[in-house]
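Survey of secondary and tertiary structure
Residue-level listing of the chains:
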Amino acid sequence: MNMAIRVYLLLFIVLSYSYTAFSLYEDQVGLMDWHQQYIGKVKHAVFHTHKAARKRVVVSTEENVISSLDLRHGDIFWRHVLAPTDVIDQIDIALGKYVITLSSGGSILRAWNLPDGQMVWESTLLGPNASKPLLLVPANFKVDRENVMFIYGNGFIHAISSIDGEFIWKKELASEGINIQQLIYTDGSDTISAVGFVGTHRFGAYILDVKSGELLKYKSMEFTDGFSGDLSLVTDDTAVAIDSIGTSLVTIQFHDGLISFHQTLLSHLIQDFRRAAVISPSNIPGAFILETDNSVTLIKVISRGELKVVEELGHATAVSDALFLPGGQQAFALVQHRDGKILLTVKLDSDDGTSNLLEETIHLDNQRGKVQKVFINTYVRVDRSNGFRVLIVMEDDSLFLLQQGEIVWSREDGLASIVDVKPVVLPVEKDGVSVAKVENNLFEWLKGHLLKLKGTLMIATTPDDVAAIQKMRLLSSGKSKMTRDRNGFRKLLIVLTRAGKLFALHTGDGRIVWSRLLRTLRKSETCQSPRGISLHQWQDPHHHALDQNPSVLIVGRCGDSLDSAGLLSIVDAYTGEERNHMEPVHSIVHIIPLSFTDSLEQRLHLLLDANRRAHLYPRTAEALDIFQRESGNIYWYSAETEEGTLRGHSVHKNCVLEEADNFCFDSRDLWSIVFPSESEKIAATATRSLNEVVHTQAKVTEDQEVMYKYVSKNLLFLATVAPKDVGPIGSVTPDESYLIAYLIDTVTGRILHRVTHHGSVGPVHAVFSENWVVYHYFNLRAHRYEMSVIEIYDQARAENKDVLKLVLGTHNLTSPITAFSRPEVSTKSQSYFFAHSLKTMAVTLTAKGITSKQVLLGTIGDQVLALDKRFLDPRRTVNPTQAEKEEGIIPLTDSLSIIPQSYVTHTLKVEGLRGIVTVPAKLESTTLVFVYGTDLFFTRLAPSRTYDSLTEDFSYALLLITIGALVIAIFITWVWSEKKELQEKWR
Amino acid sequence: MAAQYLTVFLSLILLLLPSAFGISNRNSEGYSINGKVRFPGFSSTGFGLPAKVSNIKIILNGGEKVTFVRPDGYFSLYPDDFNLPAQGLISEVFGMHKCSILFSPFSLRNFIHNVPAGTHLIEVAAIGYFFSPVRVDVSARHPGKVQAALTENRRSLSELVLEPMVEEQYFEIREPFNVLSLLKSPMGLMIGFMVIVMFLMPKLVDPEELKRAQEEMGAQGGVPSLANFLSGAQRTN
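Residues numbered from 1 in each chain as written. Chains lettered and ligands numbered in written order. Predicted model: local features only at pLDDT ≥ 70, side-chain atom pairs only at ≥ 80, totals over all residues. Heavy atoms only, no water.

A word on the overall build of chain A
Using the following cut-off: Put simply, DSSP marks the helices as runs of H or I at least four residues long and the strands as runs of E at least two long, and each gets a number from the N terminus on. To sort residues, take the accessible area from a 1.4 Å probe on protein chains only and compare it with the maximum for the residue type: under 20% means buried, over 50% means exposed, and anything in between is partly exposed. Contact definition: two residues touch when any of their heavy atoms are within 4.5 Å. For every accessible area listed, the method is Shrake-Rupley and the probe measures 1.4 Å; residues are considered covered only by the protein chains on display. For the charge count, each Lys or Arg is scored as positive and each Asp or Glu as negative, with His and the chain ends excluded. For this purpose, a charge sits on NZ of Lys, CZ of Arg, CG of Asp or CD of Glu.
Broken down by element type, chain A carries eight helices and 65 strands. Seen through its C-alpha atoms, chain A measures out along the principal axes to roughly 125 × 80 × 60 Å. Residues counted as buried form 53% of the 987 residues belonging to chain A. Restricting the contact set of chain A to residue pairs at least 6 apart, pairs at least 24 apart contribute 51%. When the accessible surface of chain A is totalled, it reaches about 44,500 Å², and 52% of it is carbon and sulfur. A distance of 5 Å separates the average location of the 99 positive side-chain charges in chain A from that of its 115 negative side-chain charges.

Re the overall build of chain B
When its secondary structure is counted, chain B shows six helices and ten strands. Put simply, chain B has 237 residues, and 43% of those count as buried. Pairs at least 24 apart in sequence give 55% of the contacts found in chain B among residues at least 6 apart. In the structure as shown, chain B presents an accessible area of about 12,400 Å², 58% of it carried by carbon and sulfur atoms.

Brief notes about unusual backbone geometry
All names here are of chain A. Here the residue pair tyrosine 617 and proline 618 is connected by a cis peptide bond, since its omega of -5 degrees sits within 30 degrees of zero. Along the chain, proline 618 falls in the loop between strand E46 (613-617) and helix H5 (621-630). One non-glycine residue with positive phi stands out, namely glutamine 404, at about 50 degrees. Note on placement: glutamine 404 falls in the loop between strand E34 (399-403) and strand E35 (406-411). Given the relative accessible area of 52%, glutamine 404 is considered exposed.

A closer look at the sheet that holds strand E47 (residues 635-640) of chain A
Residue and element names in this part refer to chain A. For clarity, the cut-off: The rule for pairing is simple: two strands pair if DSSP sees at least two bridges between them. The axes used here are C-alpha line fits, helices contributing only the stretch in contact, and every angle between their N-to-C directions lies in the interval 0 to 180 degrees.
Taking strand neighbours across the sheet as the criterion, the six strands line up as E44-E45-E46-E49-E48-E47 in an open arrangement whose pairing is antiparallel. If you trace the sheet from one side to the other, it starts and ends with strand E44 (590-597) and E47, each paired once. If you compare each strand with its neighbour and ignore which way they point, the axes differ by 35 degrees on average. The pairing of strand E45 (residues 603-608) with E46 spans four bridges and is classified as antiparallel. Looking at the pairing, leucine 607 lines up with histidine 615 of E46.

With respect to the pattern of salt bridges
Residues and elements named next belong to chain A. To keep things clear, this is the line we draw: The salt bridge criterion pairs a side-chain nitrogen of Lys or Arg with a carboxyl oxygen of Asp or Glu, the two atoms within 4 Å.
Under the counting rule described, the total for this entry stands at 36 salt bridges over all chains. When the shortest N-O distance is used, the salt bridge between glutamate 640 and arginine 612 registers 4.0 Å. Here arginine 612 lies in the loop between E45 and E46 and glutamate 640 lies in strand E47, a separation of 28 residues in the sequence. Glutamate 692 serves as the salt-bridge partner of lysine 853, at 3.4 Å between the closest nitrogen and oxygen. Of the two residues, lysine 853 sits in the loop between strand E60 (838-843) and strand E61 (854-859) while glutamate 692 sits in the loop between strand E50 (681-687) and strand E51 (698-700), which places them 161 residues apart along the sequence. Here lysine 853 falls in the buried class, since its relative accessible area comes to 6%.

Considering the packing of aromatic side chains
All names here are of chain A. Note the following rule: To pair, rings of Phe, Tyr and Trp, with the six-membered ring standing in for Trp, must have centres within 6.5 Å; the planes then decide the type, stacked if under 30 degrees apart, edge-to-face if over 60, and tilted in the middle. Either the NZ atom of lysine or the CZ atom of arginine qualifies as a charge over a ring when it sits within 6 Å of the ring centre and within 35 degrees of the ring normal.
Applying the stated rule across the entire model yields 20 aromatic pairs over all chains. Consider the rings of phenylalanine 150 and tyrosine 185, whose centres lie 6.0 Å apart with planes at 45 degrees: the pair is tilted. Within this pair, whereas phenylalanine 150 is found in strand E12 (residues 146-153), its partner tyrosine 185 is found in the loop between strand E15 (178-184) and strand E16 (191-198), the two being separated by 35 residues in sequence. A centroid spacing of 4.8 Å and a plane angle of 50 degrees characterise the contact between phenylalanine 627 and phenylalanine 665, whose relative ring orientation is tilted. Of this pair, phenylalanine 627 sits in helix H5 while phenylalanine 665 sits in strand E49 (residues 664-674), and the two are 38 residues apart along the sequence. Judged on exposure class, the residue phenylalanine 627 and its partner phenylalanine 665 are both buried. Through successive ring pairs, a cluster of aromatic residues spans Phe197, Phe203, Phe223, Phe227, Phe254 and Phe261. Over the ring of tryptophan 772 we find lysine 869; its NZ or CZ atom is 4.9 Å from the centre of that ring. Sitting over the ring of phenylalanine 489, arginine 940 keeps its end group 3.9 Å from the ring centre.

A closer look at the confidence of the model for chain A
Fine structural detail should not be taken from predicted coordinates in areas where pLDDT scores are low. All names here are of chain A. Applied cut-off: A score between 0 and 100, pLDDT records how confident the predictor is in each residue.
Mean pLDDT over chain A: 83, with 90% of residues reaching 70 or higher. No element of chain A has a lower mean pLDDT than helix H1 (residues 2-16), which averages 45, and none a higher one than strand E64 (residues 927-932), which averages 94. Counted against residues more than four places away or in other chains, residues 1-21, with its pLDDT under 50, gives 24 contacts. Ignoring residues within four places in sequence, the model shows residues 432-439, a span with pLDDT below 50, making three contacts including any to other chains.

Brief notes about the state of the cysteines
Residue and element names in this part refer to chain A. Here is the rule we go by: Throughout, a disulfide means two cysteine sulfur atoms within 2.5 Å of one another.
Taken as a whole, this structure holds two disulfides over all chains when the rule is applied. Here cysteine 527 connects covalently by a disulfide to cysteine 558, the sulfurs 1.9 Å from one another. For the disulfide bridge between cysteine 527 and cysteine 558, the dihedral angle about the S-S bond is near -130 degrees, and by the sign convention the bridge is left-handed. Here the residue cysteine 527 occupies a position in the loop between strand E39 (512-517) and strand E40 (531-539), and cysteine 558 occupies one in the loop between strand E41 (551-557) and strand E42 (565-572), the gap between them amounting to 31 residues. No difference in accessibility class separates cysteine 527 from cysteine 558, as the two residues are buried. For chain A, the disulfide bridges join cysteines in the arrangement 1-2, 3-4, where the cysteines are counted in sequence order.

Examining H5 of chain A
Residues and elements named next belong to chain A. Operational definition: Think of it as the arc spanned by the lines of direction from the helix axis to the C-beta atoms.
Within H5, burial applies to Ala623, Leu624, Ile626 and Phe627. Each buried residue of H5 lies within a common arc of 165 degrees when the element is viewed along its axis, so the set occupies one face. The exposed residues of H5 that point more than 90 degrees off its buried face are Ala621 and Arg629. Where H5 is buried, its residues contact E44, E45, E46, strand E48 (645-654) and E49.

Notes on the nonpolar core
Residue and element names in this part refer to chain A. Inclusion rule: To define a nonpolar core, start from buried Ala, Val, Leu, Ile, Met, Phe, Trp, Tyr and Cys residues and group those joined through side-chain atoms within 4.5 Å.
Residues Val774, Met787, Leu857 and Leu872 are the most contacted members of the largest nonpolar core, which totals 25 residues. Secondary structure elements with two or more residues in this core: strand E57 (772-779), strand E58 (784-794), strand E59 (825-834), E60, E61 and strand E62 (864-868). Ala318, Ala331, Ala333 and Val374 belong to the second largest nonpolar core, which has 22 residues in total.

With respect to the pairing of E41 of chain A
All names here are of chain A. Burial of E41 is extensive: seven of the seven residues sit out of reach of the surface. The alternating pattern of E41 places Ser551, Leu553, Val555 and Arg557 and Val552, Ile554 and Gly556 on opposite faces, both of which are buried. The pairing of E40 with E41 spans seven bridges and is classified as antiparallel. Each bridged residue has a counterpart across the sheet, and for arginine 531 the counterpart in E41 is arginine 557.

A short note on the sheet that holds strand E43 (residues 578-587) of chain A
All names here are of chain A. An order of E40-E41-E42-E43 is seen for the four strands of this open sheet, with the pairing classed as antiparallel. The sheet is open, and its two borders are formed by E40 and E43, each paired with just one other strand. Averaged over all pairs of adjacent strands, the angle between their axes in this sheet comes to 20 degrees, without regard to strand direction.

A look at the side chain of serine 569 of chain A
All names here are of chain A. Definition in use: Polar contact is defined as a pair of N or O atoms within 3.5 Å, subject to the rule that within protein one atom must be able to donate a hydrogen and the other to accept it, and that residues adjacent in sequence are counted only when both atoms are side-chain atoms.
Inspection of the secondary structure assignment puts serine 569 in strand E42. Given the relative accessible area of 1%, serine 569 is considered buried. Reaching out from serine 569, the side chain makes a polar contact with the side chain of glutamate 578 at a distance of 2.7 Å. Residues in contact with serine 569, not counting those within four places in the same chain, are Leu518, Thr520, Val552, Leu553, Ile554, Glu578, Asn580 and His581.

Notes on the confidence of the model for chain B
Residues and elements named next belong to chain B. This prediction gives chain B a mean pLDDT of 60; 46% of its residues lie at or above 70. Least confident of the elements in chain B is helix H1 (residues 88-96), whose mean pLDDT is 30; most confident is strand E5 (residues 65-68), at 85. A low-confidence stretch, residues 43-48 (pLDDT under 50), is modelled with eleven contacts involving residues beyond four sequence positions or located in other chains. Per-residue pLDDT stays below 50 along residues 81-115; that stretch engages in 69 contacts with residues further than four places along the chain or on separate chains.

Next up, the structure:
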């Protein structure tokens, strides 16, 4: 009997034990994760609507994405994300089948196959000096039966074959110091001209043989008043520019090498002209658009450079390029805002003035801001007249296709440029709101359960069944409800985008609950280039003020430099309403959320400005009172990478300003660490997440020893590298490179641990959690990436394992712990090789900190890998003892193995990956993971499996069958037993 | 499992634009890394790529440069900003990076010198496949000495071939419905254990001994059998 139990137990343990903590079955995709693809703010758009092929529009965006979109639905046909440094300059379509992109300042030319997005060829255009990149794809120009395109980049003009990217000829044009602005090729001619400015006072024009690239002519002419801005081409031999003082327009005519200038005063053209006229980049042959502060004017160039105002276009905010219509006419679109609506006008431009072809008003929701860009395309209607469709880019980076006064589709591409994310809990389910849905009828109910049963028994094979089961699972899980759930899986993710728009995404299905273009982060008189920096939890009612909705604080800046004025705004997290906003205030360098809240549960925040002053928010007497009581215990540090210093600060006294400000405090330097600039350079810092919970401070090892974790909120991990190692991986040799990792107490400035990795270089990525830090760097000696772990333990409490002492009270567990006491710490560390480059790193967070941790690695391939902390355990040895094995210590290997099943993004890519945010769910075993980049991805992780709840694929059928079998067995044995007894009695 | 392995040839060529070619004597640091990604299992000629991996990125030095592969699997990387003084040179470089001459050791020796010393790392990002990063070293002490090797298994790529790396399976494979898996589950084990107790346990006990025990029990007033127990429970209801 004993034996049987032992065997049974052993079997049970063996079978239920498994290494992989995270793994997914293919049919579970989409059950708890969602993935959204975006492209970013559109810069250029080229329509491709020929013939019977699928209608599409090719766009390039500020996120460096080149993509082909379905013109009917706005879906992505294909998409490529280029490197962040490889900025797309121009796009076009060649031969009707290749998308041509010119990127990296005119250095890289690529051709992509239009139907599937496969790269066909790539050419690199080399040259000595940077110049304005230009791309010219003539419709049908051939050299030796090859279609040719012209590219100007890095001072060279290149003629390149469209079919394979081979060079046909090239010519350096920058030798005269000319800044080429335009390439001009007239269909059918045998010359190509390149025109531009030499310095600021000279106009130059090259004329080259189109077949051989031979320089036929170079003419230049001085213009005494000088030019400013760019040159706009009006016709093949006329261009306009603004003179250097900005008061007149210069018409430049160049024909056959003869250059002539014609100057027109702007005040003659525009009535109340003041200053700051700009020629709009819109390309309308024969005419151009002049934008001033208060007007937009269409101006035509008539004979001999004379200018004539054709039309005042009112307050148009965006004008498209001209579009050639079949009849030899041209049309362009302009968009105006009127009474919260969009007025779209398509104008026909002919020799005798302009006429409106189309005028439509479209209603858009008011959270879109102004129209930024317009792209126009035409189609032939049933009655053979021209119809127009227009693609518009809005201020919040969203993209709309308008046709016949309607929105055909829209894309929220602002979500491709997320700056910061904050999770917010949903409201509690209120009484009286019944969400339970009654099944329609018995038959439906039965059918549903039959399907479910099929699913559980895994006999559902037809795709229809599988789809139905998936849908049912989604519905039954109720994961998109707008109320709090018991497990804490449903939350709102408040997301700030680069365009200054705030979105609330539901974690259940990723839909947008509300969105708001923040007034504070919009361009205004006082703030010319506002941008959002971060989000902070402002109010999160848990105990008091429960009638209040939670709110978030949005911090922004009026410009790129650290000392530019700051912007603050508080937004209700449930409705998106702006509760409070502050006009440009003091500069904001750093934001410290304090651990105190006031009676309304508003969190106190300390905002540090460029003058090292600390400003307290919220600005209420109560907050000030709390702060002054606690100010003796508030410390912070600042790491200055440029100077190589690390400083500790505390609050000193109220600032001395002209205006008395009770909420402003001077800071005091407590300590500083100076890293010698000739030997060390700060590469990375990491601290613990403020909301991390540590469950236990002690760790029991396999030999019944107790180790106390050194858990301190004030620990800082800092890595420095050799100053030479600022360039890419190859810029230093192993002998002169090193990486030094520090653990520093930020209250006292004491260095608790210091370790040098010789022959290692950055970039360094690090995460700090509990008492350990994991960091990733490149080992030049081994030529591989490495990950190291440092665990820090408190030695001062190491002798507290005597039970007698604990009982008698002579232990020092209750003695107050102060950060000023000199800690006796010991560290353990270990390093492992790792295969991939990383973009970012994060660690899982759970509600109570009981569940073991996983390190989330955002790899260079835009995937997210979950690596168990067990693999990064410094106690790993090559041959662990039996006791160690029982404790779960994995035998040491020199490299961390990558288990493909532990990619949390499974078969998906989060293109342009930038950040990973982990949020603890209420259920202890589970953590929510939100990954953002150009794409968004959300999933739920259970680092130690869901030990506290049944998984979604738990087989209830099997449980029922077992219970049934047991009951039947009991009855059978009962019958047998009775029979036997009867026999016994008869005997 | 050999079938699971994917043979990948990543042919690497280091090509240097030697200063000897240059007209001016400016220190030209321009050079390119040309290579090839191949999925031999897909096509014997190596022409064309599986549809699944049409979005392959080649990443240099952890994201410094990113490029894509052509339909024939070739790619080129240009690690630095180029300062090329010579005009004639460029076309020659471009004329070459497509031709297979590059793959002969002769041209390697010919073109690899004056490359700035250092280490470069090339990674291939393709969903569904694991590629070992490739390290390219240019020796500082011996000018012109260039090595390429896989970092994962330290295999040298003197012949510019990289193989074999794993095809990645991101999902757990669902076991088809079978009796064994049912038995292995905790519930199945419960039933199994019960069966063992029911049928095997009585057999394990020596019948003689059992009889003696029963007699002893009988002497003490009958066996408290399961039937008694159950019927007793029924009666009390």
